[in-house]
Amino acid sequence: MAHLYKKLKKGHEYFYIRETQRVYGKPTTINQVYLGTADKVEAALGKGGFSPKEFGSVFALNELDRAVDLAGMINEILPPKKRVRGPSLGELVFYAALNRAIAPTSKRQLANWYETTDIQRIRPLRLESLNSQNFWNHWDRISDADLEKIKTTFFKKILGLLPEQKHRLIIEAADISAPPKPSVFAGMPQPDQEFLAEHLAQQKLGLALITEWSHGIPLYYQSFSGGVPATGFYDHLEHLLSKVSNLGVAIEDVTLLVNQDMDPAPIIQQIDAKDGMHFIVSYAPDFAPELTEISLKDFRPLPGNRNAQLSPVAKEEEKILFYETHATFWNHPRRVVITFDPRSFHKSYQDLGKKVQRVRKEILGLSQRHAQEADQANALESIKTHLAQLCLRLKISPGLFQLNFVPEKGQFRLEFQLDHSQMAGVVRHFGKNILITDREDWGVEEIYDTCVTRAVLGPGLGDAKSSNGGRPYGSPKDNRSLFQKALLPLYHWTDSKIRVHLFVCVAALTYLTLLSQRLAAAGINMTPNEAMEELRELRTAIYSKDSEGKLKRVLEEVNDRQAAILKTLGYVVEDGKVAAL
């Protein structure tokens, strides 16, 4: 409830808008906005809303949780301690998952973020209880065995929300690593910096995630300390499938997505020998350079709806192209699909141009500084070494550049040129991807859609800035997949915290994909990220709503897309509030 509140300071009156709410049964001030003196209040009240807060995103995901009840489920497994006040363990996990699904922050910033939302009208709590120490105290209660119980109960509940049908199962596996920000090392002695850097470099977590095909809703996951096992991964795959089978899912149609960081040979050998198991391997063009020699004139536009998702106006030059053939890999003829993404090509080409200019500038500048040195041989070697190191940092080949050192009046002059044949070979790979599979029953668009569009992990999972190959689940401002955005940065260094954090992120992914399922069922062609962007713009604010000037927090103007999303959840907006249909 909002009301004007007056304070006297040195004989002067100052006014505030205060909002109160019962939190844990007690009236609590949840928001306070400074207005100023009486004349300023009178002038301001006619200008519109005060203190806008994000509402739609938090409301929508909280509504999806009503069928899941993540907090209640966890509290049944690990009941709250009698003397603990504030949010329970289950509630803290839910608040963390909600944040990760919408706008991931560190635990230190969590209360500040929630203060910008209208969480108090949806799920009231004392924000000061969302501090990092409180999270650690509660999360330390979750043992490995407890986490397995939580996972099993959670995914059983999720499976119960899905329509009864034969599910296509997709399995992905990737290593997770997130280097710390430079600010982490600020003020540390050099030996401590070196120790921490070495520790974090060795810290790696592997993840295998199994989802249903249509919307990517998670059905189970397994983590690995030290990364995805290099050998014996198929045994872990069998264990993962047995977990899903125990939940009641028929293991009849399974496709493993293999990225180029994994050794596919032993895995594919076992997949070949088992009915119902299939694979799609994604490789960069340099895996089979002869396939990149195929002229783009022989490529065709990718069929299906994928091209329509690239742009509101499907320009001919932006369409994904493909070329299909068969070739022998791993002792058997395999179906091969080579794809070409023009947008990815142009981006890679522009990035290469910027890198070439940087190399040119640095090398020419360095040569001018070394030109008059007495030891010319040492100077030339220094320039070559600098070029090699610079190319390593920029992830390009030093073979792209030709350096000729021409003697001139006791000095040398550097002639810096591009090797155009080498450059043409590099550019020929841009925008291309090689997909190898044993799925002869799928159309090309299904293969591409599964491996590129619906994949949530991807080979660049450890890099928060990595591209995702144009997946529509990424917004124009952030190309990471849904899961990558929720997972990274980790903000955690200890294994026990990372285990719980990983479950929180999978739960966040689950809520987003459940939203995607609701939208699709209602015939709304909108990705989870697009829906979340719309919902984040649906805000509440304090307005003076009647002749008496009473203050009320109500929804701001709702557009058609926001109204359509709310309708899929069973709500409409009436008199500035959401009401059940």
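This brings us to the overall build of the protein chain. In terms of regular secondary structure, the protein chain is built from 20 helices and 19 strands. Here the protein chain holds 581 residues, and the buried ones make up 49% of them. Contacts in the protein chain between residues far apart in sequence, at least 24 positions, make up 63% of those at least 6 positions apart. Per element, the accessible surface of the protein chain, about 29,100 Å² overall, is 49% carbon and sulfur.

Turning our attention to the packing of aromatic side chains. Overall, the coordinates contain 22 aromatic pairs when judged by the stated rule. A ring pair is formed by phenylalanine 59 and tyrosine 571, whose centres lie 5.0 Å apart and whose planes are at 80 degrees; its orientation type is edge-to-face. Taken together, the residues span a long stretch of sequence, with phenylalanine 59 in helix H2 (residues 56-65) and tyrosine 571 in strand E18 (residues 571-574) at a distance of 512 residues. Relative accessible area serves as the criterion here: at 16%, tyrosine 571 is assigned to the buried category. Here phenylalanine 155 and tyrosine 220 contribute two aromatic rings whose centre-to-centre distance is 5.3 Å and whose plane-to-plane angle is 45 degrees, an arrangement assigned as tilted.

Spatially, the nine strands line up as an open sheet ordered E7-E6-E5-E8-E9-E15-E12-E11-E10, and their pairing is mixed. On the outer flanks of this sheet lie strand E7 (218-225) and strand E10 (300-301), each paired with one strand and no other. Where strand E5 (residues 169-176) lies against strand E6 (residues 205-212), eight bridges are found, and the strand directions are antiparallel. When the bridges of E6 are listed, isoleucine 171 appears paired with isoleucine 210.

With 29 residues, helix H13 (residues 342-370) extends 42 Å between its outermost C-alpha atoms, agreeing within 8% with the 42 Å of an ideal straight helix rising 1.5 Å per residue. For H13, the complete set of buried residues consists of Pro342, Phe345, Leu352, Val356, Val359, Ile363, Leu366, Ser367 and His370. Among the residues of H13, the N-terminal cap falls to aspartate 341, whose side-chain oxygen and the backbone nitrogen of arginine 343 are separated by 3.1 Å.

In this section: the packing of H2 against helix H19 (residues 528-536). The angle between the axes and the distance between the axes are what describe a pair of packed helices. The contact between H2 and H19 brings their axes to 6 Å, and the two run at 125 degrees. The angle between H2 and H19 places the two elements in the oblique class. On the side of H2, the interface is formed by Gly56, Ser57, Ala60 and Leu61, while H19 contributes Met532, Leu535 and Arg536. Here the residues of the contact of H2 with H19 are counted per class, giving four nonpolar, two polar and one charged.

On to the confidence of the model for the protein chain, then. When pLDDT is averaged across the protein chain, the result is 82; 77% of the residues are at 70 or more. Ranking the helices and strands of the protein chain by mean pLDDT puts helix H3 (residues 70-77) first, with 97, and helix H9 (residues 190-202) last, with 53. Contacts of residues 306-314 to residues separated by more than four positions or lying in other chains number 19 contacts, the stretch itself having pLDDT below 50. Overall, residues 459-479 carries pLDDT values under 50, and its contacts beyond four positions in sequence, including any with other chains, amount to 57 contacts.

Its identity as a non-glycine residue notwithstanding, aspartate 69 has a phi of 55 degrees, on the positive side. Along the chain, aspartate 69 falls in the loop between H2 and H3. The partly exposed category is assigned to aspartate 69, whose relative accessible area is 37%. Here tryptophan 330, not a glycine, exhibits a phi torsion of approximately 55 degrees, which is positive. Checked against the element boundaries, tryptophan 330 lands in the loop between strand E11 (321-329) and strand E12 (332-340).

On to the pattern of salt bridges. In this structure the tally under the stated criterion is 19 salt bridges. In this structure, the salt-bridge partner of arginine 335 is glutamate 324, at a minimum N-O distance of 2.6 Å. Linking arginine 335 in strand E12 with glutamate 324 in strand E11, this pair joins segments that are eleven residues apart in sequence. Arginine 335 gets classed as buried once you look at its relative accessible area, which sits at 5%. A salt bridge links glutamate 362 to arginine 358; its shortest N-O distance comes to 3.2 Å. Placement of both glutamate 362 and arginine 358 in helix H13 is noted, with a separation of four residues, approximately one turn of the helix. With relative accessibility at 25%, the residue glutamate 362 sits in the partly exposed group. Linked through salt bridges whose partners overlap, the residues forming this network are Glu148, Lys151 and Lys243.

Time to look at the nonpolar core. Counting 142 residues, the largest nonpolar core has Leu70 and Phe483 as the members making the most contacts within it. Of all the elements, helix H18 (residues 495-521) adds the most residues to this core, at 15 residues. In this structure, Leu257, Ile320, Val337 and Val444 belong to the second largest nonpolar core, which totals 16 residues.

Attention shifts here to the pairing of strand E9 (residues 277-283). The element E9 is largely enclosed, with a buried count of seven among its seven residues. Of the two faces of E9, the one holding Met277, Phe279, Val281 and Tyr283 and the one holding His278, Ile280 and Ser282 are both buried throughout. When strand E8 (residues 254-258) meets E9, the two strands line up parallel, connected through five bridges. Within E9, the residue paired with leucine 257 across the bridge is isoleucine 280. Viewed along the sheet, the connection from E8 through helix H11 (residues 264-272) into E9 turns out right-handed. As paired strands, E9 and strand E15 (residues 432-437) are joined by four bridges and run antiparallel to one another. The residue of E15 that forms the bridge with valine 281 is isoleucine 436.

Attention shifts here to the side chain of threonine 292. Within the secondary structure layout, threonine 292 lies in helix H12 (residues 289-292). A relative accessible area of 3% means that threonine 292 is categorised as buried. Not counting residues up to four positions away in its chain, the partners in contact with threonine 292 are Pro285, Arg428, His429 and Lys432.

The interhelical angle for the contact between helix H5 (residues 107-115) and helix H7 (residues 132-139), taken along N-to-C directions, is 120 degrees, at an axis separation of 7 Å. On H7, the residues touching Lys107, Arg108 and Leu110 of H5 are Ser132, Phe135, Trp136 and Trp139. Across the contact of H5 with H7, the residue classes break down as four nonpolar, one polar and two charged.

Our focus in this paragraph is the side chain of aspartate 449. Note on placement: aspartate 449 falls in helix H16 (residues 444-453). Judged by relative accessible area, aspartate 449 falls into the buried class, the value being 15%.

What counts, and at which threshold
- Residues numbered from 1 in each chain as written.
- Predicted model: local features only at pLDDT ≥ 70, side-chain atom pairs only at ≥ 80, totals over all residues.
- Heavy atoms only, no water.
- Helix = DSSP H or I, 4+ residues; strand = E, 2+ residues; numbered from the N terminus.
- Buried < 20%, exposed > 50% of the residue type's maximum accessible area, 1.4 Å probe, protein only.
- Contact = heavy atoms within 4.5 Å.
- Areas by Shrake-Rupley, 256 points an atom, 1.4 Å probe, with all protein chains shown as cover.
- Phe/Tyr/Trp six-rings, centres within 6.5 Å; stacked < 30°, edge-to-face > 60°.
- Pairing = 2+ DSSP bridges.
- Expected span 1.5 Å × (residues − 1).
- Polar contact = N/O pair within 3.5 Å; in protein donor to acceptor, adjacent residues only side chain to side chain.
- Axes fitted to C-alpha atoms, helices over the stretch in contact; angles between N-to-C directions.
- Parallel < 35°, antiparallel > 145°, perpendicular 65-115°, else oblique.
- Nonpolar A, V, L, I, M, F, W, Y, C, P; charged D, E, K, R; others polar.
- pLDDT = per-residue confidence, 0-100.
- Salt bridge = Lys/Arg side-chain N within 4 Å of Asp/Glu carboxyl O.
- Core = buried A, V, L, I, M, F, W, Y, C linked by side-chain atoms within 4.5 Å.
- Right-handed = clockwise from strand over helix to strand, strands pointing away.

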